[in-house]
Amino acid sequence: MRLMPLIPWTEKYRPKSLSELVGNEDAKKKFIAWLNAFLKGKAHKKAALLYGPPGSGKTSLVHAVASQFGWELIELNASDFRSREAIERRVYGAATMGSLYGKRKIILIDEVDGINAREDAGAIPAILKLIEKTRYPVVLTANDPWDPKLKPLRDACEVIEFKKLKKREVMKVLSEICRREGIECDRSILSAIADNAKGDLRAAINDLQTLAMGKKRINLADLNILGSRAEQASMFDIVRTVLTARKPEQALAVTRLPSLDYEMLLLWLSENIPYQYAGSYRAIADAYEALSWADIMLARMKRKQIWQLLPYALELMTAGVASARDKPPYRFVRYSFPQRLRMLARTKSSREKFREVASMVARSLHISVSTLRTEVVPFLRVIYENDPDMAKRIYRSLGLSKKEFEILIGA
Amino acid sequence: MSTELWVEKYRPKTLDEIIDQEEIVSRLKEFVRTKSMPHLLFAGPPGTGKTTAALALAHDLYGENWRENTLELNASDERGIDVIRKRIKEYARTIPLGEVPFKLVILDEADNMTSDAQQALRRTMELYSRTTRFILIANYMSKIIEPIQSRCAIFRFQPLPKEAVKARLRWIAEQEGVEIDDEALEAIWEESQGDMRRAINILQSAAAIRKKVDVDTVYEALGKVRPREVKEMLELAVKGDILGAREKLRALMYSYGLSGIDVIKLLHREVLSSRSPLRLNGLPLADLLVLIGDANYKIVEGADDEIQLMAIISKIALLSSEAKSSGAARK
């Protein structure tokens, strides 16, 4: 049997026309009205900002318009590098110059709320300039348009809201896909998929494709393999399967779950190994050894794009961990959510503040932030605790307030 | 702006003020006199005056306007080679001000760049060689790829000799009205070896405790400098309390904000100290160094900080439980 290249159904069945696009009728009307005004040169704003939850049809609306009217779609999405330079290079010319064949264009900058202030430096002013100079309609999309950094963009755009899709709208699309793929699928199953997706059509289509993998008929039992989109419950079971497996092969079974989030699994295992294997230093050390190798395989895979390493990583984190020597006898353990995620979320803003102060100080001391943190901050802490006057002279001479100095030394 | 942090306050501003490294300084002065120089590579251990020499050279070349003609970058802080290239490109676009026909790029901690990034850097160096000269600074010359080495005049900075460090410390103490005896100076030397930055930092933190610094003051300061958590983390690991050790590790990483590499550096120092809980427990130093070095390598390769450090902690717990039981068997 020849293997077909796997096209994501979310792409394969992207609507080609406005009538194929389900839901959000008000948003569609508003968008078309704006486009019409633009074409007549009567629009107040030269850009539109479509915002709403994931999978509600923002990007698809723009694709549908482009393909229905035969316009050239110039697209910059989140996976592209979106610095000022990149926007100018990739989009600015296209937006300000006419096309060779007189073809109309539409410019799409996807997920503007994902623009990173640091990595995509100068992106927002570049987009504003693009909007000012463009000859063609510019469309931005976002999940969260109320992010303060997007304020200038909001002001320059016609803002159009998308709502979550309704369950029947999701089901309608799913059953249409089943029909075109020749798949038999009970309505109760489509209903379960739609429930699970919670209004996110992209998620629902992905789940459907996962279930239909290599099948012509989807049964109720297949639903079990679907990673519940309320993720947590199933992660407990996966961790239990790995850590209580009597044979390595039993642990290996979890790698066949289609929606396995292996990076999350790594964190969950790391959190819970010391609980399940408590009492055997050998077992804990062996398990972490396997986990650390799984971790490095994933890192190499991502850095060097060597996808063949994925199986080794998955095997190491499951069968590898389960093959630890001297495992203590089975006992029931209540597993814990990876605490570090909680801690990282809690300390995020204080770490950012530290970074801000530290990079300023590091620059004036001609050292790196890392050297500052390990070679200088510990001494500053001792000075602060023992000679407040000296500390004060130091932070003043560095141009810091007392508060900033305390952030720096973690007081 | 003068800084009240002594390492910065007493950093020599001109080549004339640098008292050690005479060989190097005299050659750098020749560059100033002829207003021409090749790319330079300064290699040597921390605190031996590499950055100071680079800044002093910039100062002597351009006078008070040296900042306009010098781009200072730290490879560890810039986000990748693309950012570095972009900054160099923007900076090299304008011509140098004044009589010197080139501008300076000082790239510190260059040996923290991957070899791929160094290849890209090499091309950047060639691209702007008409208008800029690079000073690359590194701890380890062997970590700089050969094509870059071959394009640079290499200067090896040696650890400062004991008498030079002690004399400098004595002089700074005098300027600051701090009394310090020879035994205390010896103790600072023991702890810092030829690392001037560390020596001066120890002196200043000791002086913060007492204006009359003796050997006990030095040890008191040093005792307070190391985050207690590193030592406590190791003690817990040695005792076999893996969860307790993990709590300390998380305090270091998520409260203190240390990176995995920062923790590794502290662990490394702790392991080498003869008073470390690890050494007291009779664990072979070689095993510990392999553990730490291996984790360091993996983290640099992109692995997860916490998982790699937990692998070390659990291995230490295992090794020390084995050491204990074999010790008991021998009795």
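This is a predicted model, so every value here is computed, not measured.

Q: So what exactly am I meant to see when it comes to the overall build of chain B here?
A: On a plain count of helices and strands, chain B comes out with 16 helices and seven strands. The buried share among the 331 residues of chain B stands at 46%. Partitioning the contacts of chain B with sequence separation of at least 6, the portion at a separation of at least 24 is 74%.

Q: How do you make sense of the overall build of chain A when you look at a structure like this?
A: Looking only at helices and strands, chain A has 18 helices and seven strands in total. The buried share of chain A, taken over its 411 residues, is 38%. At a minimum sequence separation of 6, the contacts of chain A that also span at least 24 residues come to 75%.

Q: For this particular structure, what's the right way to read the sheet that holds strand β3 (residues 105-109) of chain A?
A: Residues and elements named next belong to chain A. Spatially, the five strands line up as an open sheet ordered β2-β3-β4-β1-β5, and their pairing is parallel. Each edge of the open sheet is held by one strand with a lone partner, namely β2 (72-76) and β5 (157-161). The sheet shows a mean angle of 20° between the axes of neighbouring strands, direction not considered. Relative to strand β4 (residues 138-142), strand β1 (residues 47-51) runs parallel, the two being bridged by five bridges.

Q: In this structure, what is going on with the sheet that holds strand β4 (residues 132-138) of chain B? I would like to understand it.
A: By definition, the strands of a sheet pair up through backbone hydrogen bonds, in either a parallel or an antiparallel sense. Residues and elements named next belong to chain B. The strand order across the open sheet formed by five strands is β2-β3-β4-β1-β5, and the pairing between neighbours is parallel. The open sheet has two free edges, formed respectively by β2 (70-74) and β5 (152-156), since each of these has just one partner strand. Sheet twist, expressed as the mean angle between neighbouring strand axes with direction ignored, is 15°. Relative to β4, strand β3 (residues 103-108) is paired through five bridges, and the arrangement is parallel. Looking across to β4, one finds that Lys 103 is bridged to Thr 132.

Q: Which parts of the structure should I look at to understand the packing of helix α16 (residues 369-386) of chain A against helix α9 (residues 196-209) of chain B?
A: A packed helix pair is summarised by two numbers, namely the angle formed by the two axes and the spacing between the axes. Interaxial distance between α16(A) and α9(B) falls to 8 Å at its minimum, and their mutual angle equals 10°. In terms of axis orientation, α16(A) runs roughly parallel to α9(B). Between α16(A) and α9(B) the crossing geometry is left-handed. Contacts between α16(A) and α9(B) involve Glu375(A), Val376(A), Phe379(A), Val382(A), Ile383(A) and Asn386(A) from the former and Arg197(B), Arg198(B), Asn201(B), Gln204(B), Ser205(B), Ala208(B) and Ile209(B) from the latter. Looking at the contact of α16(A) with α9(B), its residues break down into six nonpolar, four polar and three charged.

Q: Please explain the interface of chain B and chain A as it appears in this structure.
A: For an interface, size is often stated in terms of accessible area lost upon the parts coming together. Contacts between the two partners involve 56 residues from chain B, matched on the other side by 48 residues from chain A. Elements represented by at least two residues in the side of chain B that touches chain A include exactly α3 (50-62), β2, α9, α10 (215-225), α12 (242-255), α13 (260-272) and α16 (305-330) of chain B. If one sorts the elements of the side of chain B that touches chain A by residue count, α16(B) sits on top with ten residues. Here the side of chain B that touches chain A is built from residues that sort into 21 nonpolar, 16 polar and 19 charged.

Q: Would you take a moment to explain the environment of Gly80(B) for this structure?
A: Residue placement: Gly80(B) occurs in helix α4 (residues 80-92). Looking at Gly80(B), the number of C-beta atoms within 10 Å reads 14, which means it is partly exposed.

Q: In this structure, what is going on with the pairing of β3(B)? I would like to understand it.
A: Regular strands place side chains that alternate from one sheet face to the opposite one. All names here are of chain B. Among the six residues in β3, six count as buried, and that is most of the element. Taking every second residue as pointing to the same face, both faces of β3 are buried, with Lys 103, Val 105 and Leu 107 on one and Leu 104, Ile 106 and Asp 108 on the other. In terms of handedness, the path from β2 via α4 over to β3 forms a crossover that is right-handed. One crossover worth recording links β3 to the parallel β4 by way of helix α5 (residues 115-127), and it is right-handed.

Q: Would you mind going over the environment of Val100(B) with me for this structure?
A: Residues and elements named next belong to chain B. In this fold, Val 100 is placed in the loop between α4 and β3. Residue class for Val 100 comes out buried when judged on the 20 C-beta atoms lying within 10 Å of it. As for Val 100 and Tyr 62, which are separated by 38 residues in sequence, their C-alpha atoms are 7.2 Å apart. Not counting the four nearest positions on each side in its chain, Val 100 is found in contact with Lys 35, Leu 61 and Tyr 62.

Q: Mind showing me how you'd approach unusual backbone geometry here?
A: Negative phi values dominate among residues other than glycine, just as trans dominates among peptide bonds. Residues and elements named next belong to chain B. Positioned with a positive phi, Lys 35 is a non-glycine residue whose angle comes to about 50°. When you line up the elements, Lys 35 lands in the loop between α2 (22-34) and β1 (39-43). One non-glycine residue with positive phi stands out, namely Glu 109, at about 55°. Within the secondary structure, Glu 109 sits in the loop between β3 and α5.

Q: Even after reading the chapter, I still don't get helix α15 (residues 339-364) of chain A, so can you show me in this structure?
A: Because each turn of an α-helix spans 3.6 residues, side chains separated by three or four positions in sequence point in the same direction. Residue and element names in this part refer to chain A. Compared with an ideal rise of 1.5 Å per residue, which puts 26 residues at 38 Å, α15 spans 36 Å between its outermost C-alpha atoms and is within 8% of the ideal. By the largest-angle criterion, Lys 348 marks the main kink of α15, which is about 55°. Among all positions in α15, only Phe 354, Val 357, Ala 358, Val 361 and Ala 362 are buried. Buried residues in α15 make contact with α16 and α18 (402-409).

Q: What's the story with the confidence of the model for chain B in this structure? I'm lost.
A: Interpretation of this model should avoid reading the predicted coordinates in detail wherever pLDDT is low. Per-residue confidence for chain B gives a mean pLDDT of 89; residues scoring 70 or more make up 97%. Element-level pLDDT for chain B is lowest in helix α14 (residues 277-280) of chain B, with a mean of 70, against a maximum mean of 96 in strand β6 (residues 179-180) of chain B.

Q: Please clarify how helix α8 (residues 182-192) of chain B should be interpreted in this entry.
A: Residues and elements named next belong to chain B. Of all the residues in α8, the buried ones are Ala 184, Leu 185, Ala 187, Ile 188 and Ser 192. Buried residues of α8, seen end-on, are gathered within an arc of 160° and therefore sit on one face of the element. Residues of α8 that are exposed and point more than 90 degrees away from the buried face comprise Asp 182, Glu 183 and Glu 190. Count one or two residues on from α8 and you reach Gln 193, which has phi positive near 50°.

Q: Looking at this structure, I do not really get the confidence of the model for chain A. What am I missing?
A: Residue and element names in this part refer to chain A. Put simply, chain A has an average pLDDT of 86, and 92% of its residues get 70 or more. Per-element confidence in chain A ranges from a low mean pLDDT of 77 for helix α10 (residues 232-243) to a high of 95 for helix α14 (residues 310-322). Here residues 229-233 is a poorly scored stretch, pLDDT under 50, and it has five contacts once near neighbours within four places are set aside; other chains count.

Q: Whenever I open this one, the environment of Leu55(B) confuses me. Can you help?
A: In this structure, Leu55(B) sits in helix α3. Taking the C-alpha atoms as reference, Leu55(B) lies 9.0 Å from Pro12(B); in sequence the two are 43 residues apart.

Calculation criteria
- Residues numbered from 1 in each chain as written.
- Chains lettered and ligands numbered in written order.
- Predicted model: local features only at pLDDT ≥ 70, side-chain atom pairs only at ≥ 80, totals over all residues.
- Helix = DSSP H or I, 4+ residues; strand = E, 2+ residues; numbered from the N terminus.
- Buried ≥ 20, exposed ≤ 12 C-beta atoms within 10 Å, placed from the backbone.
- Contact = placed C-beta atoms within 7 Å.
- Pairing = 2+ DSSP bridges.
- Axes fitted to C-alpha atoms, helices over the stretch in contact; angles between N-to-C directions.
- Parallel < 35°, antiparallel > 145°, perpendicular 65-115°, else oblique.
- Left-handed = near helix turned anticlockwise from the far one by under 90°.
- Nonpolar A, V, L, I, M, F, W, Y, C, P; charged D, E, K, R; others polar.
- Right-handed = clockwise from strand over helix to strand, strands pointing away.
- Expected span 1.5 Å × (residues − 1).
- Bend = angle between axes of the 7 residues up to and from the residue.
- pLDDT = per-residue confidence, 0-100.
- Arc of directions from axis to C-beta.

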